[in-house]
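# Inside the fold
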Amino acid sequence: MMIVMQEQASESQIEKVVEHLGEQGFDVHRSTGALRTVLGAVGGNRTFDFRLVEVMDGVSEVHRITEPYKLASRTFKSERTVIQIDDLRIGGDEVVVMAGPCSAETEEQVEATASAVRRAGAKVLRGGAFKPRSSPYSFQGLGEQGLQMLRGAADRHDMKLVSEVMDVSQIELVGKYSDILQVGARNMQNYTLLRELGRTAKPVLLKRGISATIEEWLLSAEYVLAGGNGDVMLCERGIRTFESYTRNTLDISAIPVIHKLSHLPIVADPSHGTGRRDKVAPMARASVAAGADALIIEVHNDPERAKSDGAQSLFPEQFDRLMTELRIIAPAIGRSICLEPVGGKAWGR
Ligand code: PEP
Ligand code: MN
């Protein structure tokens, strides 16, 4: 921490700050310039509230140098985390694509969508059975029945499954069916849920809250890591800004920022990040170019009749085309993407 004293700070004010920091376990180094005194405080406690110093008499500015999160930081672990689920690796050279409907609705819908996204090269099926909807009157998901449909389709098509868990009480059930537990944007700061997920052995996909800073997001990941679960991937899914043309503003810059600050894999969600089908492919391409380790994309076999998020769900043929484009972009930045469409000829070609 660096403390810049005011020009007119008195010696006793400076001494008071030095004494206070010493009491908190910091080693304080003092440099006295012609106009100001600057104090460098090292050691101490990561959770120390620097605002306590900021409001002391004679203090002009305080700059924190150490991140408030530890386990999630690159300083703590310099090599990137690769999350391994059987032979699937998230965070390695290959950009992993997760795709599927917003919600599981019917057996036919889940099967048609899963087989289409698998043929196009997706390795993880996405789909919600417990849906966090803005309105209590909107479709809330099929619960366990939905999870059964999703698991069945994932197994038939040799895919992993990611599905959302909204509450501590659902962890066991969702964990029984799903390979990756998704924490939705609205739950990013549900610390009880995060703590409990820290005790599970399943990888967690932690979405960024709609108005969360990157630091708050990493602190939420820290909750899971601190509980003993090291398999956390972060998911940028768009934040709320003053712009209303798109549903959210996909913060693509968060991708390189996360890579700099953290060793955890970063997933981009251009579907919730834009809310509009026609904007999903450009943002997916940009996310891969920016270094995303994975993408999560909503695809529906009949999006115009989807029970949730139809407007942002791709038609299978659009997803297939997007995968073809991503296969060109990924190698340009030294990454690969599921090279061959699975099961022979790709859907729609
Ligand atoms: C979803 O993935 O369908 C979802 C509800 O996402 P988010 O939490 O990002 O809104
Ligand atoms: Mn959705």
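Residues numbered from 1 in each chain as written. Chains lettered and ligands numbered in written order. Predicted model: local features only at pLDDT ≥ 70, side-chain atom pairs only at ≥ 80, totals over all residues. Heavy atoms only, no water.

### Considerations on the sheet that holds strand β4 (residues 59-63)
In sheet architecture, strand pairing relies on hydrogen bonds along the backbone and comes in two forms, parallel and antiparallel. The four strands lie next to each other as β2-β3-β1-β4, forming an open sheet whose pairing is antiparallel. The sheet terminates laterally at β2 (26-32) and β4, the two strands that pair on one side only. Adjacent strand axes in the sheet meet at a mean angle of 20 degrees, parallel and antiparallel pairs treated alike. The pairing of strand β1 (residues 2-5) with β4 spans four bridges and is antiparallel. Residue pairing in the sheet places V4 in a bridge with E61 of β4. (Pairing = 2+ DSSP bridges. Helix = DSSP H or I, 4+ residues; strand = E, 2+ residues; numbered from the N terminus. Axes fitted to C-alpha atoms, helices over the stretch in contact; angles between N-to-C directions.)

### Concerning the domain arrangement of the protein
Each domain of the protein was delimited in the assignment, giving domain 1 (2-63) and domain 2 (83-333). Once you take the C-alpha centre of each, domain 1 and domain 2 turn out to be 44 Å apart. (Domains from an automatic or database assignment.)

### A look at the packing of helix α7 (residues 214-226) against helix α8 (residues 254-261)
Here α7 crosses α8 at 50 degrees, and the two axes come no closer than 11 Å. Of the possible angle classes, the one that applies to α7 and α8 is oblique. Like other packed secondary-structure pairs, α7 and α8 cross with a definite hand, here right-handed. Note on element contacts: α8 touches α7 through A254, V257, I258 and L261, opposite I214, W217 and L218. Classifying every residue of the contact of α7 with α8 by side-chain character gives seven nonpolar, no polar and no charged. (Parallel < 35°, antiparallel > 145°, perpendicular 65-115°, else oblique. Left-handed = near helix turned anticlockwise from the far one by under 90°. Contact = heavy atoms within 4.5 Å. Nonpolar A, V, L, I, M, F, W, Y, C, P; charged D, E, K, R; others polar.)

### Things to note about the coordination of the manganese ion (ligand 2)
The protein atoms that coordinate the manganese ion (ligand 2) are C102 (SG), H272 (NE2), E298 (OE) and D309 (OD), at distances of 2.0 to 2.4 Å. Donor residues binding the manganese ion (ligand 2) come from one chain and are separated in sequence as C-x169-H-x25-E-x10-D. Of the two residues, C102 is situated in the loop between β7 (94-100) and α3 (107-120) and D309 in the loop between β14 (294-298) and α11 (316-332); the sequence distance between them amounts to 207 residues. (Donors = N, O, S within 2.8 Å, 3.2 Å for Na, K, Ca; no water.)

### Digging into the site of ligand 1
Neighbouring ligand 1 are 13 residues; R126, K131, A185, K207 and R237 lie closest to it. In the model, an oxygen atom of ligand 1 is placed 2.9 Å from a nitrogen or oxygen of the R186 side chain. A distance of 2.6 Å separates an oxygen atom of ligand 1 from a polar atom in the side chain of R237. Coverage of ligand 1 by the protein amounts to 97% of the 290 Å² it exposes when considered alone. Of the residues assigned to the shell around ligand 1, the class counts are three nonpolar, three polar and seven charged. (Near = heavy atom within 4 Å. Polar contact = N/O pair within 3.5 Å; in protein donor to acceptor, adjacent residues only side chain to side chain. Areas by Shrake-Rupley, 256 points an atom, 1.4 Å probe, with all protein chains shown as cover.)

### A word on the packing of α3 against helix α4 (residues 144-156)
Between α3 and α4, whose axes approach to 9 Å, the crossing angle comes to 30 degrees. The orientation of α3 relative to α4 falls into the category roughly parallel. α4 is crossed by α3, and the crossing has right-handed handedness. Contact residues: E107, V110, E111 and A114 in α3; M149, L150, A153 and R156 in α4. Among the residues making up the contact of α3 with α4, the classes are represented as five nonpolar, no polar and three charged.

### Looking at unusual backbone geometry
Its identity as a non-glycine residue notwithstanding, D86 has a phi of 50 degrees, on the positive side. Residue position: D86 is located in the loop between β5 (83-85) and β6 (88-90). For D158, which is not a glycine, the phi torsion comes out positive at approximately 55 degrees. The exposed category is assigned to D158, whose relative accessible area is 57%. (Buried < 20%, exposed > 50% of the residue type's maximum accessible area, 1.4 Å probe, protein only.)

### Describing the pattern of salt bridges
For the structure shown, the criterion picks out 21 salt bridges. Residue E11 pairs with R30 through a salt bridge whose shortest N-O separation is 2.9 Å. Here the residue E11 occupies a position in helix α1 (residues 11-23), and R30 occupies one in strand β2, the gap between them amounting to 19 residues. Overall, E11 belongs to the partly exposed group, its relative accessible area being 39%. Here R51 makes a salt bridge to D49, at a shortest N to O gap of 3.0 Å. Classification of D49 by relative accessible area gives partly exposed; the value is 30%. One network of salt bridges, in which partners are shared, links R151, D155 and D179. (Salt bridge = Lys/Arg side-chain N within 4 Å of Asp/Glu carboxyl O.)

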